[in-house]
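Spelled out from the first residue to the last, the chains are:
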Amino acid sequence: MNITDHLTQAIAAALNELYSISADAASITLQETRREFSGDYTLVVFPYVKQARKAPEAVAQDIGAHVAANMPEVSGFNVVKGFLNFEVADSYWLRFIETIASDGRFGLSEQSADEAPVVVEYSSPNTNKPLHLGHIRNNLLGWSVSRLLEAAGANVKKVNLVNDRGIHICKSMLAWLRYGNGETPESTGMKGDHLVGKYYVEFDKHYKEEVKQLMDSGVEEEQAKREAPLMVEAQQMLKRWEEGDKEVRGLWEKMNGWVYAGFDETYRRLGVGFDKVYYESNTYLLGKELVQKGLDLGVLFRKDDGSVWCDLTADGLDQKLLLRRDGTSVYMTQDLGTALLRHNDFGAERLIYVVGNEQDYHFKVLKLILGKLGFSWADKVYHLSYGMVELPNGKMKSREGTVVDADDLIDEMESTAEEMSREHGKNDELTDEERKHLYHILALGALKYFILKVDPTKNMLFNPAESIDFNGNTGPFIQYTHARIRSIVRRAGENEGLNGQCEWDGIQMNEKERLVIKTLHALPSTIRQAAAAYSPALVANYAYDLAKAFNSFYQDTPILKEADQKIKAMRVNICMCVANALRNTMDILGIEVPERM
RNA sequence: GGCCCUGUAGCUCAGCUGGAUAGAGCGAGAGUCUUCUAAACUCUAGGUCCUGCGUUCGAGUCGCAGCAGGGUCACCA
């Protein structure tokens, strides 16, 4: 049992014995003592003074004395107003380091593979344009949350749902037929997703011209948008697609193939992957079946024009369309189908959807309709709603060309990493291949940390004019800390054979050492909290705190140069523990740490 | 307009289920490499926590109202 659990129990006992206050240990919250005061953990006694009928200082004194008398790990306590600060004995911290030094997986729970899995859907791209910064946030979050849940012991299945069909891809196809002159990724040297995206933009350009012409000749805007020849043709193409038209299907397969090759490349560079990939073209029919079931059950209804709806006015929402009047399906139809399919495939304990907060309404409706269709597992659906990535002048809009392209951004990060590394000039002994790998993991480390350190639920700002930092609260800072530690541990291992061996008794620690160890001690609860909140940001901030505490210690405490062999061995052990913790927490963020840099 | 989210230092962000004098990084200023990797460390300056009212022994944190910004309310996804 760790010290904080032990303390809360002892406090509960003290409250009971001293004042007959019955409080269970779980209801007692300790906080870490603030730097300005001496002590390790603090109990705020104000909540108990009324029942104790004593002054806050007296209550704190009583509890402190009681706990100190019963817990040998508590070496002392002090009282400041209503705050009771406990001091933990060095012997406890030393024993703690001793225990975790040999445990490379400290803080990580073992996964139980026979448990019902948690299915995490993320990425979920459309196949009509390349990935941009918004998708990057999605992919990094999805990957990291999966790693985080695994670290907390869950059996996670990562899935991708590729939106490979619909009006959007028809637009790209149509524009390519019209204006493409048979261009291919091979003939142009373009990445396939970028080539297809080019024609999506091309469609929009010509479509706008047509709308403008119609409006100039006196047609209302609504009508013009609906009746522009390109739009009509795109819709016909979608209809032909749903009817299985060979020509349309052939072109569709060809162009989607280009896009997949491009996506795979971007996923590979981002270091993300999936256990299973769903394609909406395979699942939307199931959605249509569900709609039929809903009609049979009477929870859906058909309007005169043939369109199918769900009435949610009783739930305070609107009516929601599920099938267009021409019988083709919409987003919601498909999502109903894929939800059912996924539930059947995995028998999941939870179905997590990593999707932007602009779709909060969609998921609210999705859960409601699943419930109306009679699926008891509707409440297992959890929308992990993350905030938008905004640019200094607002939201990214693909049609207005204000997007930060994912591949471009990664390229830029890599060349910045190379520049920085060359400036430092520390990597001369590396081979070209090792150097290239280093630039890559530093680039991705900077990018991933930048995005993952902010609370997922909040919108965040990205300023393309200021490139992502490599100093301060950044990924490379933590990577650097790890590399420095590894350097020490290598020397220690080679020269001294100190790994995991140490005489622990009677060592006096300094403040810096104690802070590092206390931070290490908080790792398991940090991971638990982060997993409960689906927040890699908590892990990122933890890793930063740990690295900072270590650097401060490293700065003015000799390690290998320490003359006292016992102290030296203890410090090397602290180093190994920190290196492990940094590697494991960064791994949760999908960030690799280098041996040297 | 209805509903949802956000508002903390010049900028980007922390601040766990309410607790001590609100913290980091960047940027600004000053120091530290003959010493285990200076992508580091140490110090200084910088705040009406959007505003008001309320709940509480105690509010950046909870409630209500207002102001500001964003999202959404598609036969787009």
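A brief structural summary. Remember, predicted model here, so these are calculated numbers, not experimental data. (Residues numbered from 1 in each chain as written. Chains lettered and ligands numbered in written order. Predicted model: local features only at pLDDT ≥ 70, side-chain atom pairs only at ≥ 80, totals over all residues. Heavy atoms only, no water.)

## Observations regarding the overall build of chain A
In terms of helices and strands, chain A carries 21 helices and 15 strands. By its C-alpha atoms, chain A is 90 × 65 × 45 Å across when sized along the principal axes. Within chain A, the proportion of its 597 residues that are buried is 52%. Sequence separation of 24 or more characterises 75% of the internal contacts of chain A that already satisfy a separation of 6 or more. Here chain A displays about 27,400 Å² of accessible surface, and carbon together with sulfur accounts for 47% of that area. Of the side chains in chain A, 69 bear a positive and 87 a negative charge, and the two mean positions are spaced by 2 Å. (Helix = DSSP H or I, 4+ residues; strand = E, 2+ residues; numbered from the N terminus. Buried < 20%, exposed > 50% of the residue type's maximum accessible area, 1.4 Å probe, protein only. Contact = heavy atoms within 4.5 Å. Areas by Shrake-Rupley, 256 points an atom, 1.4 Å probe, with all protein chains shown as cover. Lys, Arg positive; Asp, Glu negative; His and termini not counted. Charge placed at Lys NZ, Arg CZ, Asp CG, Glu CD.)

## Let's talk about the pairing of strand 5 (residues 118-121)
Side chains Val118 and Val120 project from strand 5 onto one buried face, and the interleaved Val119 and Glu121 project onto a second face that is buried too. In terms of strand pairing, strand 5 meets strand 6 (residues 156-162) through four bridges, oriented parallel. Looking across to strand 6, one finds that Val119 is bridged to Lys157. One crossover worth recording links strand 5 to the parallel strand 6 by way of helix 5 (residues 133-151), and it is right-handed. Strand direction decides the pairing type here: strand 5 and strand 11 (residues 350-356), joined by four bridges, are parallel. When the bridges of strand 11 are listed, Glu121 appears paired with Tyr353. (Pairing = 2+ DSSP bridges. Right-handed = clockwise from strand over helix to strand, strands pointing away.)

## Re the environment of Pro524
Note on placement: Pro524 falls in helix 19 (residues 523-532). As a C-alpha pair, Pro524 and Leu214 span 310 residues in sequence and 64 Å in three-dimensional space.

## Brief notes about a negative patch on the surface
On the surface, a cluster of negative charge is contributed by Asp428, Glu429, Glu433 and Glu434. Checked against the element boundaries, Glu433 lands in helix 16 (residues 432-452). You can call Glu433 exposed: its relative accessible area is 69%. (Patch = residues over 30% accessible without salt bridge, like charges linked within 9 Å, V, L, I, M, F, W, Y side chains within 5 Å. Salt bridge = Lys/Arg side-chain N within 4 Å of Asp/Glu carboxyl O.)

## Notes on unusual backbone geometry
The backbone of Ser123 shows a phi angle near 80°, a positive value even though the residue is not glycine. With respect to the secondary-structure elements, Ser123 resides in the loop between strand 5 and helix 5. Even without being a glycine, Ser124 presents a positive backbone phi close to 40°. Inspection of the secondary structure puts Ser124 in the loop between strand 5 and helix 5.

## What about the protein's contact with RNA strand B?
In the region of RNA strand B, 69 residues are neighbours, and Asn163, Asp305, Lys426, Tyr480 and Lys561 sit closest. If you look at RNA strand B and keep only atoms within 4 Å of the protein, 63% of those are sugar or phosphate atoms. Taking Asn85, its side chain carries an N or O atom lying 2.9 Å from a base nitrogen of RNA strand B. One nitrogen or oxygen atom from the main chain of Thr557 is found 2.5 Å from a base nitrogen belonging to RNA strand B. When residues of the surface near RNA strand B are traced back to their parent elements, those giving at least two are strand 2 (41-44), helix 2 (46-52), strand 4 (83-88), helix 6 (167-179), helix 15 (406-424), strand 15 (460-461), helix 17 (475-495) and helix 20 (536-556). The element that contributes the greatest number of residues to the surface near RNA strand B is helix 20, accounting for eight residues. Split into classes, the residues belonging to the surface near RNA strand B amount to 28 nonpolar, 22 polar and 19 charged. (Near = heavy atom within 4 Å. Polar contact = N/O pair within 3.5 Å; in protein donor to acceptor, adjacent residues only side chain to side chain. Nonpolar A, V, L, I, M, F, W, Y, C, P; charged D, E, K, R; others polar.)

## Section: the packing of aromatic side chains
Taken as a whole and judged by the stated rule, the model has 19 aromatic pairs. On the numbers, 5.6 Å between centres and 50° between planes, the contact of Trp241 with Tyr284 is tilted. On the criterion of sequence distance, the pair formed by Trp241 in helix 10 (residues 229-242) and Tyr284 in helix 12 (residues 280-297) is long-range, its members being 43 residues apart. Taken as a pair, Trp241 and Tyr284 share a single burial class, namely buried. Aromatic ring contacts, followed pair by pair, group Tyr122, Phe263, Tyr267 and Phe274 into a single cluster. Across from the ring centre of Trp252, 5.6 Å away, lies the NZ or CZ of Arg249, which sits over that ring. Its guanidinium or amino end placed over the ring of Trp309, Lys303 lies 3.9 Å from that ring's centre, counting from NZ or CZ. (Phe/Tyr/Trp six-rings, centres within 6.5 Å; stacked < 30°, edge-to-face > 60°. Lys NZ or Arg CZ within 6 Å of the ring centre and 35° of its normal.)

## Here's the deal with the sheet that holds strand 6
Spatially, the five strands line up as an open sheet ordered 7-6-5-11-12, and their pairing is parallel. Taken across any chain shown, the strands that pair with only one partner, and hence form the sheet edges, are strand 7 (276-279) and strand 12 (381-386). Across the sheet, the mean angle separating the axes of adjacent strands is 25° when strand polarity is ignored. Across the sheet, helix 14 (residues 360-372) is in contact with strand 11 and strand 12; its angle to strand 12 comes to roughly 175°. (Axes fitted to C-alpha atoms, helices over the stretch in contact; angles between N-to-C directions.)

## Focus on the sheet that holds strand 13 (residues 389-391)
Strand pairing in a sheet relies on backbone hydrogen bonds, with the paired strands running either antiparallel or parallel. Spatially, three strands are ordered 14-13-15 in an open sheet, and the strand pairing comes out mixed. Each edge of the open sheet carries a strand with a single partner, namely strand 14 (394-395) and strand 15. Where strand 13 lies against strand 14, two bridges are found, and the strand directions are antiparallel. Residue Glu390 lies in a different strand from strand 14, and its bridge partner there is Lys395.

## Remarks on the environment of Asp5
Secondary-structure assignment places Asp5 in helix 1 (residues 3-19). Once the C-alpha coordinates of Asp5 and Leu323 are considered, the two residues, 318 residues apart in sequence, prove to be 55 Å apart.

## Comments concerning the pairing of strand 12
With respect to burial, strand 12 is a largely interior element, five of its six residues being buried. Sheet topology places strand 11 next to strand 12; six bridges connect them, and they run parallel. Directly across from Val355, in strand 12, lies its bridge partner Ser385. With helix 14 bridging strand 11 and the parallel strand 12, this β-α-β connection has right-handed handedness.

## Side note on helix 4 (residues 90-101)
Compared with an ideal rise of 1.5 Å per residue, which puts twelve residues at 16 Å, helix 4 spans 16 Å between its outermost C-alpha atoms and is within 8% of the ideal. Looking only at helix 4, the buried set comprises Asp90, Tyr92, Trp93, Leu94, Phe96, Ile97, Ile100 and Ala101. (Expected span 1.5 Å × (residues − 1).)

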